[in-house]
Amino acid sequence: MDREEALASAFVELADTLVEDFDIIDFLNRLAEHCVSLLHVDGAGILLTNPQGELHLIAASSEKTRLLELLQLQGFQGPCVACYTEGRRVDYSDPDPDAEVEDLPWPRFAKAARQEGFRGVCALPMRHKGKVIGALNLFLHDSGPLDDRRAALGQALSDIATIGILQERATRQQEILADQLQYALNSRVVIEQAKGFLAHRLETSLDEAFAALRTLARGSNRKLVDIALEVITEPDKVVPDLQP
């Protein structure tokens with residue numbers, strides 16, 4: 001598949017949310033994957049609000065980006081949080097690796113990002129008609145900013161995903177909507193527990209453990225959280241089918 005076909009396929013996939021078995025976690029993980037492959041960035045993370053307006057990490061392309069997103073949420077500061085609160089694109093750049101992190105914006109984040117090998121971030125709002133529901137965050141090994149062409153494409157992917165999520169939400173009653181987002185957050189906890197258990201059991205990395213979980217879920221046409229729950233509750237039944 002050439003790049004144009006991959007891009008068209010990504011937009012079609014991100015627009016297809018009005019299905020009975022819609023899984024918001026897998027949907028946003030796919031968005032993160034599309035961003036990494038199509039925009040040639042080194043990582044992606046997605047923060048999303050629940051009905052109470054609280055910001056949560058829902059998807060990340062790697063363990064490194066997951067940790068950086070969680071760090072920002074803990075202190076509620078960093079380029080990705082700023083993007084959400086201000087509802088606009090926010091660029092972060094660390095042009096001099098020898099500079100003191102105290103001289104950079106968000107020093108705590110700057111220090112952690114440098115340790116993880118990232119020197120640039122382009123944070124894009126997930127918004128539609130003035131409503132901001134989260135942020136799509138693109139991480140770079142090189143110092144930023146991301147060029148405008150790739151940033152525009154990233155914003156387009158963010159926009160279509162946001163529209164898809166809002167359309168899917170609009171088909172449900174408020175109680176169901178709240179239950180779905182809470183389910184996504186609870187599911188994420190189960191998945192993180194399964195990742196840790198599996199990484200220890202298979203003596204592999206957290207990223208490889210997560211990839212194994214997703215491969216089995218897709219191969220068996222089951223939800224990721226169901227596979228993760230089985231890893232925790234019935235490891236001897238599931239683990240032999242998982243490969244790092």
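Above this text sits the structure in question.
Everything numeric here is computed off the predicted structure, so don't read it as measured data.

How each quantity is defined
By convention here, each chain's residues receive numbers from 1 onward along its written sequence. Restriction of local features to residues with pLDDT of at least 70 applies here, the model being predicted, together with a cutoff of 80 or more for giving and counting side-chain atom pairs; totals for whole chains, interfaces and linings are based on all residues. With hydrogens and water stripped out, all remaining heavy atoms of the structure feed into the side-chain values. Helix and strand labels come from DSSP, where a helix needs a run of H or I of at least four residues and a strand needs a run of E of at least two; each type is numbered from the N terminus. The span you would expect from a helix comes to 1.5 Å times its residue count less one. Per-residue accessibility, obtained with a 1.4 Å probe over protein chains only, is compared with the maximum for each type, and a residue is labelled buried under 20%, exposed over 50%, and partly exposed between these values. Taking the helix axis as origin, the arc is that swept by the directions to the C-beta atoms. Working definition: a ring pair exists when centres of Phe, Tyr or Trp rings (six-membered ring for Trp) sit within 6.5 Å. Plane angles under 30 degrees give stacked, over 60 give edge-to-face, the rest tilted. For a lysine, the NZ atom is tested; for an arginine, the CZ atom; a charge sits over a ring if that atom is within 6 Å of the ring centre and within 35 degrees of the ring normal. For the purposes of this analysis, a disulfide is any pair of cysteine sulfur atoms at a distance within 2.5 Å. Angles shown run from 0 to 180 degrees and are taken between the N-to-C directions of axes, each axis being a line fitted to C-alpha atoms and, for helices, limited to the stretch in contact. Crossing handedness: left-handed means the near helix sits turned counterclockwise from the far one by under a right angle, and right-handed means the same turn made clockwise. Contact definition: two residues touch when any of their heavy atoms are within 4.5 Å. Asp, Glu, Lys and Arg are counted as charged, while Ala, Val, Leu, Ile, Met, Phe, Trp, Tyr, Cys and Pro are counted as nonpolar; the rest, among them Gly, fall into the polar class. An angle below 35 degrees is read as roughly parallel, one above 145 as roughly antiparallel, one from 65 to 115 as roughly perpendicular, and any other as oblique. Polar contacts, as counted here, are pairs of nitrogen or oxygen atoms within 3.5 Å of one another; within protein the pair requires one atom able to donate a hydrogen and one able to accept it, and residues that are adjacent in sequence qualify only if both atoms are side-chain atoms. By salt bridge we mean one thing: a side-chain nitrogen of Lys or Arg within 4 Å of a carboxyl oxygen of Asp or Glu.

J.: Looking at this structure, how should I read helix α1 (residues 3–15)?
T.: For the α-helix, the turn length of 3.6 residues means that residues three or four positions removed from each other point alike. With 13 residues, α1 should reach 18 Å at 1.5 Å per residue; the first-to-last C-alpha distance of 18 Å fits that figure. Of all the positions in α1, only L7, A10 and L14 are classed as buried. One face of α1 carries all of its buried residues, which in axial projection span an arc of 60°. Facing away from the buried side of α1 by more than 90 degrees, the exposed set consists of E4 and V12.

J.: What exactly am I supposed to notice about the packing of aromatic side chains here?
T.: Any two aromatic rings considered together are summarised by their centre-to-centre distance and by the angle between their planes. In this structure the tally under the stated criterion is three aromatic pairs. Here Y92 and F109 contribute two aromatic rings whose centre-to-centre distance is 5.3 Å and whose plane-to-plane angle is 80°, an arrangement assigned as edge-to-face. Of this pair, Y92 sits in strand β3 (residues 90–93) while F109 sits in helix α5 (residues 107–115), and the two are 17 residues apart along the sequence. Judged by relative accessible area, which is 2%, F109 ranks as buried. Through pairs of rings, three or more aromatic residues link up here, namely Y92, W106 and F109. It is R188 that lies over the ring of F210; its NZ or CZ is 5.6 Å from the centre. Its guanidinium or amino end placed over the ring of F210, K195 lies 5.4 Å from that ring's centre, counting from NZ or CZ.

J.: Help me out: how do you make sense of the state of the cysteines in this one?
T.: In a disulfide, the sulfur atoms of two cysteines are held together by a covalent bond. One pass over the structure, following the stated rule, counts zero disulfides. Distance from the sulfur of C35, which forms no disulfide, to the nearest cysteine sulfur (C122) is 10 Å. What makes C35 buried here is its relative accessible area of 0%. Here C80 is not disulfide-linked; the sulfur of C83 is the nearest cysteine sulfur, at 7.4 Å. Residue C80 is classed as buried on the basis of its relative accessible area, which comes to 0%.

J.: I'm lost on the packing of helix α8 (residues 206–219) against helix α9 (residues 224–233) in this one. Help?
T.: Running from amino to carboxyl end, α8 crosses α9 at an angle of 115°, the nearest separation of the two axes being 9 Å. In terms of crossing hand, the pair formed by α8 and α9 is right-handed. Here F210, L213, R214, L216 and A217 of α8 come into contact with α9, specifically with L224, I227, A228 and V231. Its residues assigned to classes, the contact of α8 with α9 shows eight nonpolar, no polar and one charged.

J.: What is the right way to read the packing of α1 against helix α6 (residues 148–170) from this model?
T.: When two helices pack together, their arrangement is given by the angle between the helix axes and the distance between those axes. It is at 7 Å that the axes of α1 and α6 come closest, and there the two elements cross at 30°. Here α1 is positioned roughly parallel relative to α6, judged by the angle of their axes. Touching R3, L7, A10, F11, L14 and A15 of α1 are R149, L153, A156, L157, I160, A161 and G164, all from α6. Here the contact of α1 with α6 is composed, by residue class, of 10 nonpolar, one polar and two charged.

J.: Would you take a moment to explain helix α2 (residues 24–39) for this structure?
T.: With 16 residues, α2 should cover 22 Å at 1.5 Å per step; its first-to-last C-alpha distance of 22 Å lies within 8% of that length. Where α2 begins, the capping side chain belongs to D23, and its oxygen is found 3.1 Å from the backbone nitrogen of I25. Where α2 terminates, the next one or two residues include H40, which has phi positive at roughly 55°.

J.: Honestly, the side chain of N29 in this entry has me stumped. Any pointers?
T.: Turning to its location among the elements, N29 is positioned in helix α2. On the basis of relative accessibility, which here comes to 2%, the residue N29 falls in the buried class.

J.: Before we go on, may I ask you to explain the pattern of salt bridges in this structure?
T.: Between side chains of opposite charge, a pair can form as their charged atoms come close. One pass over the structure, following the stated rule, counts 16 salt bridges. A salt bridge links K195 to E63, with the shortest nitrogen-to-oxygen separation between them at 3.2 Å. Of this pair, K195 sits in helix α7 (residues 174–202) while E63 is found in helix α3 (residues 63–75), placing the two residues 132 residues apart along the sequence. For the pair K195 and E63, one class covers both residues: buried.

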